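Inside the fold
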Number of protein chains: 2
Amino acid sequence: MGLSDVEAGFRNAAGIETVIGVLRQRFGDRLQTGEALRAQHAHTTTYLPAQSPDAVAFPESADEIKMIVRACAAHKVPVIPFGAGSSLEGHVNAPHGGISIDMARMNRVLEVNAEDLDCTVEPGVTREQLNSDLRDTGLFFPIDPGANASIGGMTATRASGTNAVRYGTMRDNVIAVTAVTASGEEIRTARRARKSSAGYDLTRLFVGSEGTLGVLTSVTLRLQGIPQAISGGVCPFPSVEAACNAVIMTIQMGIPVARIELLDALQMKACNAYSGLSYPESPTLFLEFHGTDAGVAEQAGLFSEIASECGGGEFQWTAEAEHRTGCGKPDTMHTGRHCSFVRAPRVSPQMSACRFRGLPNASPRPRPISSPPDLIAPIVGHAGDGNFHVLVLIDTGDPAEIAAAEDFVGRLNERALAMDGTCTGEHGIGQGKRPYLSLEMGEGVAVMRQIKQGA
Amino acid sequence: MGLSDVEAGFRNAAGIETVIGVLRQRFGDRLQTGEALRAQHAHTTTYLPAQSPDAVAFPESADEIKMIVRACAAHKVPVIPFGAGSSLEGHVNAPHGGISIDMARMNRVLEVNAEDLDCTVEPGVTREQLNSDLRDTGLFFPIDPGANASIGGMTATRASGTNAVRYGTMRDNVIAVTAVTASGEEIRTARRARKSSAGYDLTRLFVGSEGTLGVLTSVTLRLQGIPQAISGGVCPFPSVEAACNAVIMTIQMGIPVARIELLDALQMKACNAYSGLSYPESPTLFLEFHGTDAGVAEQAGLFSEIASECGGGEFQWTAEAEHRTGCGKPDTMHTGRHCSFVRAPRVSPQMSACRFRGLPNASPRPRPISSPPDLIAPIVGHAGDGNFHVLVLIDTGDPAEIAAAEDFVGRLNERALAMDGTCTGEHGIGQGKRPYLSLEMGEGVAVMRQIKQGA
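The rules behind these values
Residues numbered from 1 in each chain as written. Chains lettered and ligands numbered in written order. Predicted model: local features only at pLDDT ≥ 70, side-chain atom pairs only at ≥ 80, totals over all residues. Heavy atoms only, no water. Helix = DSSP H or I, 4+ residues; strand = E, 2+ residues; numbered from the N terminus. Buried < 20%, exposed > 50% of the residue type's maximum accessible area, 1.4 Å probe, protein only. Contact = heavy atoms within 4.5 Å. Areas by Shrake-Rupley, 256 points an atom, 1.4 Å probe, with all protein chains shown as cover. Pairing = 2+ DSSP bridges. Axes fitted to C-alpha atoms, helices over the stretch in contact; angles between N-to-C directions. Least-squares fit on C-alpha atoms with pLDDT ≥ 70 in both. Buried area = accessible area lost by both parts, 1.4 Å probe. Salt bridge = Lys/Arg side-chain N within 4 Å of Asp/Glu carboxyl O. Polar contact = N/O pair within 3.5 Å; in protein donor to acceptor, adjacent residues only side chain to side chain. Nonpolar A, V, L, I, M, F, W, Y, C, P; charged D, E, K, R; others polar. Phe/Tyr/Trp six-rings, centres within 6.5 Å; stacked < 30°, edge-to-face > 60°. Expected span 1.5 Å × (residues − 1). pLDDT = per-residue confidence, 0-100. Parallel < 35°, antiparallel > 145°, perpendicular 65-115°, else oblique. Left-handed = near helix turned anticlockwise from the far one by under 90°.

**Here's the deal with the overall build of chain A**
- Counting its regular elements, chain A contains 17 helices and 20 strands.
- In chain A, which comprises 455 residues, the proportion classed as buried is 60%.
- Across chain A, the fraction of contacts at a sequence separation of at least 24, relative to all contacts at a separation of at least 6, is 69%.
- When the accessible surface of chain A is split by element, carbon and sulfur atoms take 50% of a total near 16600 Å².

Structure follows, in structure tokens:
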């Protein structure tokens, strides 16, 4: 299906009916058309309207994916790969109907090469499942976007998250993928070598392509050794600006911080309310250091000095796991930050059932930002990457609030672009950021379109 | 010009003459057609035959590059971007004639954003020039392929080198490029944000595209803070295998080594002969650690233990710069390894004027390799990446020696691929590795071809 058809809102009812008939013969019960299941495969995480697919297929192999893609290509029916459904920009919506390919049954860890520090997994494997599988190897997969996303979805949206500042994003941690392209053929984008200069970087082309160039059938990932020591700490600051200055100095000094997360005062209030904690309700940095015992102690000491120089309060840190969990869950201190997704609504109890909109932006360096005066919008930031999220809490039944949020989002994106930043640091474009892609990329969008048309 | 024309060896004499006429009017003396200068712009670093362009243009701006590309596109004449000419796979050859675009006058550092740890340069800036320009900022650009290559050439070939194990390759260190595509338009592939998920990763598509998708007009690079402390050391091993085992353990333990270079016994002999040194002539690892004073001492200590466990000799290291220069040049200990390009011929004095062939290969982990029994072929390896070079010394006037080298190269590449490795870890495909690209990438080459045709 060409882009022009998509733009025009074309829905190929006859083709969809034919494809469902064809696939039912092969997939039987693994092709579902019930309304409830279809609704679960539409976008549900923000105020973007949900748009269900016409059917959901549950393939168990690359060959079955080939069959779905070929049938859909022959009849010009859209396919929508579906991982965990945790994306935030309407990626899994089916605006023109079509077949959702649910990867739930393609969830095998195919190969772990512990000596080579890599593994190959099917796209439906979630990051928590993978790390659970790896627990006896001394290795882990570091990318952590918060949600228990699927590896396929994380690859497709070029996900990153809290510890990208040290370990990079999916861009840096995917070694190769296999994918079924629109022609129904399966390609492999690279071998397992840690680096290569053999032709175009097809791996990086597929990472972040949001399902538009092919359906992933496997992903080969780089793994990391679990550090000997992990230390974590919390430090309040008098202002977002002071916290940002501390981040800038930390990065410039080359301290190999593993996580450096910024929560604004409002978000800290939400954390306290949700978890019954008593952190100071001022802008706060949560940090984590990975290394040797001596190394993490040295890093924490260096950061303490920086924090003090920037007007920060006392930097409280520990290398003991049980004390790193201060936010009510037996995980790490960063549970506090991770749960902002569910905690934020607690700031305003009457809105606790509202959906919100995630707004990832990134600029070359962390810069002071502030919530809009007329909206409840706490901020969390992967400050080491200059990437932050504003969680705008709105009543999705109120068009005026939606309009106010849209207006704020527009100004925020324009400001990020004016600073030579990006409208989307890690969640991709999907439906929600489409208007901003051309603003950001200009003529580059034409090149992307040529690549898509040729693929 | 389509790929099919290239395959057929087509040379468009009339078009070339027309383009030279058009460009002469604009460029005057900055368009040269003298034989000697043209010969300097053909490939000259290996036994691949030199193939001169018909003219060499020296543009001074992106607008002038647009003009050259438009004139050449209109008349179906090849353009060949030329940086420092240090590539090793025939990249700057002009098999079908055409216009070489020499970037010597596009050598300005356009912008250094010290706070954001990035800079933007024209493609003709060399890495030594850039680091010299940066010397007062406390920052440096870490990628170091050995030769004083141009940033444009390093970007186009996805270069890496000795410290990629810590800082990554050009893939990881290019933030954005601007390029003139075949249509004569200039595009920018990304903003300056440290990460983004806005559409296809055009930056990574251009990095390693070897000039086939456009002519680079600027490159935005990530910079690093100069480490507080640098320590370096040397450790001999009884066998290449023992040295590889030490490398594997070092990487698995997560020691953030900045360089870990393997030289085989023959290469050590060459180093000793060239620089009047007295290193043991056995396989040897050269290491470098970057960090704080305490950090580099700790890293060196950990490596000492690993080396000892793997049967290595004494690991001699120092953090004092003057003692890290043991190889006759006031640079770093790695000068010894870096100069293998000129030193290797000293093993066999009668061959001192021979050219050699660099053979970068990479596998997922360092594996024992050995020189071919019937050829003089020392080995140097970026062992931390599993990437090594075999320098086959041959008399380029002797067809039998060329055939023996070709045969060896073929077996070496097949072996790398059998281990799920790559035929080219860092020098690109060029002319020399073309036969191996399809072997390595299979159907992926068809996708690359579609991208090239669409661009």
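**Re the sheet that holds strand 5 (residues 109-113) of chain B**
Residues and elements named next belong to chain B.
- Strand order in the open sheet formed by 5 strands is 5-6-10-8-9, and the pairing between neighbours is antiparallel. The sheet terminates laterally at strand 5 and strand 9 (186-188), the two strands that pair on one side only. The average undirected angle you get between the axes of adjacent strands in this sheet is 10 degrees.
- In the sheet, strand 8 (residues 174-180) pairs with strand 9 via 3 bridges, with the strands oriented antiparallel. Bridge pairing in strand 9 places Val180 opposite Glu186.

**Observations concerning the relation of the copies chain A and chain B**
- Mapping chain A onto chain B is achieved by rotating through 180 degrees and translating by 0.0 Å along the same axis, at an RMSD of 0.0 Å. Here the copies are linked by what is in effect a two-fold axis.
- Interface overlap between copies: 100% of the residues of chain A at the interface are likewise at the interface in chain B, consistent with a symmetric, same-surface contact.

**What to know about the environment of Pro238 of chain A**
- You can see Pro238 of chain A is positioned in the loop between strand 12 (229-236) and helix 10 (240-252).
- C-alpha separation for the pair Pro238 of chain A and Tyr47 of chain A, spaced 191 residues apart in sequence, amounts to 33 Å.

**Remarks on the pairing of strand 8 of chain B**
Residue and element names in this part refer to chain B.
- Of all the 7 residues making up strand 8, 7 are buried; the element is thus mostly covered by neighbouring parts of the structure.
- Bridge count between strand 8 and strand 10 (residues 215-222): 6 bridges; the pairing is antiparallel. Across the sheet, residue Val180 finds its bridge partner in strand 10, namely Val215.
- Linking strand 8 to strand 9, which pair antiparallel, is a turn of 5 residues; within it Gly184 sits at a positive phi near 85 degrees.

**Focus on the side chain of Thr250 of chain A**
- Assignment of secondary structure puts Thr250 of chain A in helix 10.
- Discounting chain neighbours no more than four positions away, the residues touching Thr250 of chain A are Ile255, Val257, Ile260, Phe303 and Ile306 of chain A.

**As for the sheet that holds strand 2 (residues 55-57) of chain A**
Residues and elements named next belong to chain A.
- If you walk across this open sheet you meet the 4 strands as 1-2-4-3, and the pairing is mixed. Every other strand in the sheet has two partners, leaving strand 1 (31-32) and strand 3 (79-82) as the edge strands with one partner each.
- Relative to strand 4 (residues 99-102), strand 2 is paired through 3 bridges, and the arrangement is parallel. Pairing of Ala55 across the sheet is with Ile99, part of strand 4.
- In the packing of helix 4 (residues 62-74) onto the sheet, the strands contacted are strand 2, strand 3 and strand 4, and the crossing angle to strand 4 comes to about 170 degrees.

**So, the pairing of strand 18 (residues 379-382) of chain B**
All names here are of chain B.
- Residue alternation in strand 18 divides its side chains into two sets, Ile379 and Gly381 and Val380 and His382, and both sets are buried.
- Pairing between strand 13 (residues 257-263) and strand 18: 3 bridges, direction antiparallel. Pairing of Glu261 across the sheet is with His382, part of strand 18.
- One ladder, built from 4 bridges, connects strand 18 with strand 19 (residues 387-390); its direction is antiparallel. Within the sheet, the bridge partner assigned to His382 lies in strand 19 and is Asn387.
- As consecutive antiparallel partners, strand 18 and strand 19 are separated by 4 residues, and within that stretch Gly386 has a phi angle of approximately 70 degrees, a positive value.

**Some thoughts on the interface of chain A and chain B**
- Facing the 78 residues of chain A at the interface are 78 residues of chain B.
- For the pair chain A and chain B, the summed buried area comes to about 6400 Å², and 51% of that belongs to carbon and sulfur atoms.
- On the chain A side of the contact with chain B, Arg191, Lys195 and Tyr200 of chain A bury the most area, a combined 15% of that side's loss.
- Across the contact surface, chain A and chain B share 10 salt bridges.
- On inspection of chain A and its partner chain B, the count reaches 40 residue pairs in polar contact (both at pLDDT 80 or more).
- Among the elements that make up the side of chain A that touches chain B, the one with the highest residue count is helix 17 (residues 444-454) of chain A (7 residues).
- Taken together, the residues of the side of chain A that touches chain B sort by class into 27 nonpolar, 28 polar and 23 charged.

**Thoughts on the packing of aromatic side chains**
All names here are of chain A.
- Taken as a whole and judged by the stated rule, the model has 8 aromatic pairs over all chains.
- Measuring from centroid to centroid gives 6.3 Å for Phe289 and Phe315, while their planes differ by 90 degrees, and the two rings are edge-to-face. A residue pair is termed long-range when its members are at least 10 positions apart, and Phe289 in strand 14 (residues 284-291) and Phe315 in the loop between helix 12 (293-309) and strand 15 (316-318) qualify at 26 residues.
- A relative accessible area of 0% means that Phe289 is categorised as buried.
- Relative accessible area serves as the criterion here: at 8%, Phe315 is assigned to the buried category.

**Topic: the pattern of salt bridges**
- In total, this model carries 46 salt bridges over all chains according to the counting rule given.
- Of the charged contacts in the structure, one is a salt bridge between Asp116 of chain A and Arg192 of chain A, with a shortest N-O distance of 2.9 Å. Placement of Asp116 of chain A in the loop between strand 5 (109-113) and strand 6 (118-121) and of Arg192 of chain A in the loop between strand 9 (186-188) and helix 9 (202-206) is noted, with a sequence separation of 76 residues between them. As far as the burial class goes, Asp116 of chain A and Arg192 of chain A line up, both buried.
- What emerges from the salt-bridge pattern is a single network uniting Asp116, Asp118, Arg188, Arg191 and Arg192 of chain A together with Asp420 of chain B.

**Describing helix 11 (residues 265-275) of chain B**
- Among the residues making up helix 11 of chain B, those that are buried are Gln267, Met268, Ala270, Cys271 and Asn272 of chain B.
- In the segment just after helix 11 of chain B, Gly276 of chain B is the residue with positive phi, at about 65 degrees.

**Notes on helix 15 (residues 399-418) of chain B**
All names here are of chain B.
- Compared with the 28 Å implied by 1.5 Å per residue over 20 residues, the 28 Å span of helix 15 between its first and last C-alpha is a close match.
- Taken as a whole, helix 15 has its buried residues at Ala405, Phe408, Val409, Gly410, Leu412, Asn413, Ala416 and Leu417.
- Note on helix 15: the residue one or two positions beyond its end, Asp420, has a positive phi of about 65 degrees.

**Observations concerning the confidence of the model for chain A**
Residues and elements named next belong to chain A.
- Summing up the model confidence of chain A, the mean pLDDT is 88 and the portion of residues at 70 or higher is 86%.
- Predicted confidence is poor over residues 1-7, with pLDDT under 50, and the contacts of this stretch with residues over four places away or in other chains come to 13 contacts.
- Long-range and interchain partners of residues 325-359, a stretch whose pLDDT sits below 50, account for 107 contacts in this model, where long-range means more than four residues apart.
- This complex was scored by the predictor with a pTM of 0.92 and an ipTM of 0.91.

**Some thoughts on unusual backbone geometry**
- A positive phi angle, near 55 degrees, is found at Lys76 of chain A, a position not held by glycine.
- Within the element layout of this structure, Lys76 of chain A appears in the loop between helix 4 and strand 3.
- The phi torsion at Arg158 of chain B lies on the positive side, around 50 degrees, for a residue other than glycine.
- As for its position among the elements, Arg158 of chain B is in the loop between helix 6 (151-156) and helix 7 (164-167).
- Given a relative accessible area of 6%, Arg158 of chain B falls into the buried group.

**Thoughts on the side chain of Thr284 of chain B**
All names here are of chain B.
- Examined against the element boundaries, Thr284 turns out to sit in strand 14 (residues 284-291).
- According to the relative accessible area criterion, Thr284 is buried, its value standing at 2%.
- Here Ser282 takes part through its backbone oxygen, which lies 2.7 Å from a polar atom of the side chain of Thr284.
- Residue contacts for Thr284: discarding those within four places in its chain leaves Val234, Cys235, Pro236, Glu261, Leu262, Leu263 and Met268.

**Focus: the packing of helix 15 (residues 399-418) of chain A against helix 16 (residues 434-441) of chain A**
All names here are of chain A.
- Contact geometry of helix 15 with helix 16 gives a least axis separation of 11 Å together with a crossing angle of 20 degrees. What the angle tells us is that helix 15 and helix 16 run roughly parallel. The element helix 15 and its partner helix 16 pack so that their crossing is right-handed. Together, Val409, Gly410, Asn413, Glu414 and Leu417 of helix 15 and Tyr436, Leu439 and Glu440 of helix 16 make up the contact between the two elements.
- Residues of the contact of helix 15 with helix 16, tallied by class, amount to 4 nonpolar, 2 polar and 2 charged.

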